[in-house]
Each structure stands twice: as C-alpha cells, then as structure tokens.
Amino acid sequence: MDPVERLLAERACERLIVEFLHRLDLGNPSTVAELFTSDGVWEWPHGDRFVKGREELRSYFGSRPDDRLSRRMCSNVLVTVESATVASAVSYFATYRVDGYSGGMLPPRLPANVGHYEDTFRCVDGVWLLASRSTYLPFGGPTERIGPSGRNAGG
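Numbering of residues starts from 1 in each chain and follows the order in which that chain's sequence is written. Local features are withheld for residues below a pLDDT of 70 in this predicted model, meaning they are given only at 70 or higher, and side-chain atom pairs are given and counted only at 80 or more; totals for whole chains, interfaces and linings count all residues. Side-chain metrics rest on all non-hydrogen atoms present in the structure, leaving aside hydrogens and water.

Draft legend 1. Main features of the pattern of salt bridges. A side-chain nitrogen of Lys or Arg and a carboxyl oxygen of Asp or Glu constitute a salt bridge if their distance falls within 4 Å. In total, this model carries ten salt bridges according to the counting rule given. With its nearest N and O atoms 2.4 Å apart, the salt bridge here joins Asp25 to Arg72. On the criterion of sequence distance, the pair formed by Asp25 in helix 1 (residues 3–26) and Arg72 in strand 3 (residues 69–81) is long-range, its members being 47 residues apart. Assessed through its relative accessible area of 12%, Asp25 is described here as buried. Of the charged contacts in the structure, one is a salt bridge between Arg68 and Asp99, with a shortest N-O distance of 2.7 Å. Numbering of helices and strands starts at the N terminus; helices are DSSP runs of H or I of at least 4 residues and strands are runs of E of at least 2. A simple rule labels every residue: compare its accessible area, found with a 1.4 Å probe on the protein chains alone, to the largest value its type can have, and call it buried under 20%, exposed over 50%, or partly exposed in between.

Have a look at this one:
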C-alpha cells in the first residue's frame, strides 16, 4: 500500500471506533450493528458475552435500558493496517454510566468501566467495517441506578 492509502485506511478505522461510541451514547444504540461486517462479532472474553452477526448485534445493543445515560471516553487509539483489506486496533476507554436517568445534570461519578478494545477491521466493497471487537475490563462494576434526584436509588 502506498502511504496515502495506508493513512486513509487508518483514518477510516479510527472513525469506526469513534462512531461506535457516539451511536451508543448519543444516537440509536441498535445502529451500532451497521458498523460491523455481516458476520461481525462483539465479545467480552472474560465476561461471558459473545454476540455474532448484525441481527444479534442489533438486538443486543438495542436492548439497553431507555433510562440509561452513558458517556464513553476513548484514547490511545493505535491502528495497524495489515493489508488493503485487513487492519487491527487497540484503544483504551472509560465508561461513565447510570440507569434511572430522567434529565438534567448529575453530580460527577467514577467510571463504571475502564478497559481497552481489541478490534479487527475488514474492507468490504471499499468500506471499512468492524469484523470483531473484544472488550477487556480490568476495572469494572455494576451500573448504578439513580433516583429522581440523581442520587443512588438505594439511599
């Protein structure tokens, strides 16, 4: 690959990483499935979750609670282009998330999860897509449920 083709492939893969987060946090979560190949996979190797194919991905991501508020921060994105049609990446993330959200600004919280993604990409008919995403969580916990005041629903 020439340097410009490599740069364009890297940028397309970086954009997929960011688009994934935006769709989960600010858009319609079920549309995350469109960013994957038809046989795409999302998994947590140590979290007992394995979702394969666009329909299963659409159902899985579309099932998140309507009252969930989340924001994901992503950094340290390192894309490696292996060929004109295959690439991989590692990126770090922190997820801020609560359930029971009904609007307004909430007091600051610690992230619910901090980890990294390991992605593989495939270029299909000139379009880069996620072939697989593995999620690794060295730091994680349950999603907090808040009450109307923005406080923990348990107290």
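There is more to say, and it comes next.
Draft legend 2. Expanded view of the confidence of the model for the protein chain. Residue-level confidence of the predictor is what pLDDT reports, using numbers from 0 through 100. Overall, the prediction assigns the protein chain a mean pLDDT of 94, with 97% of residues at 70 or greater. Within the protein chain, strand 5 (residues 113–124) carries the highest mean pLDDT (98), whereas strand 7 (residues 144–145) carries the lowest (94).

Draft legend 3. Representation of the pairing of strand 1 (residues 36–44) within the structure. Paired strands, in this sense, are two strands between which DSSP finds at least two bridges. The sheet contact formed by strand 1 and strand 6 (residues 127–140) spans four bridges and is parallel. Within strand 6, the residue paired with Glu43 across the bridge is Ser134. For strand 1 and strand 2 (residues 49–52), the ladder comprises four bridges, and the chain directions are antiparallel. Bridge pairing in strand 2 places Glu43 opposite Phe50. Remark: four residues form the turn of the hairpin made by strand 1 and strand 2, two consecutive strands paired antiparallel; Asp48 in that turn has positive phi of roughly 60°.

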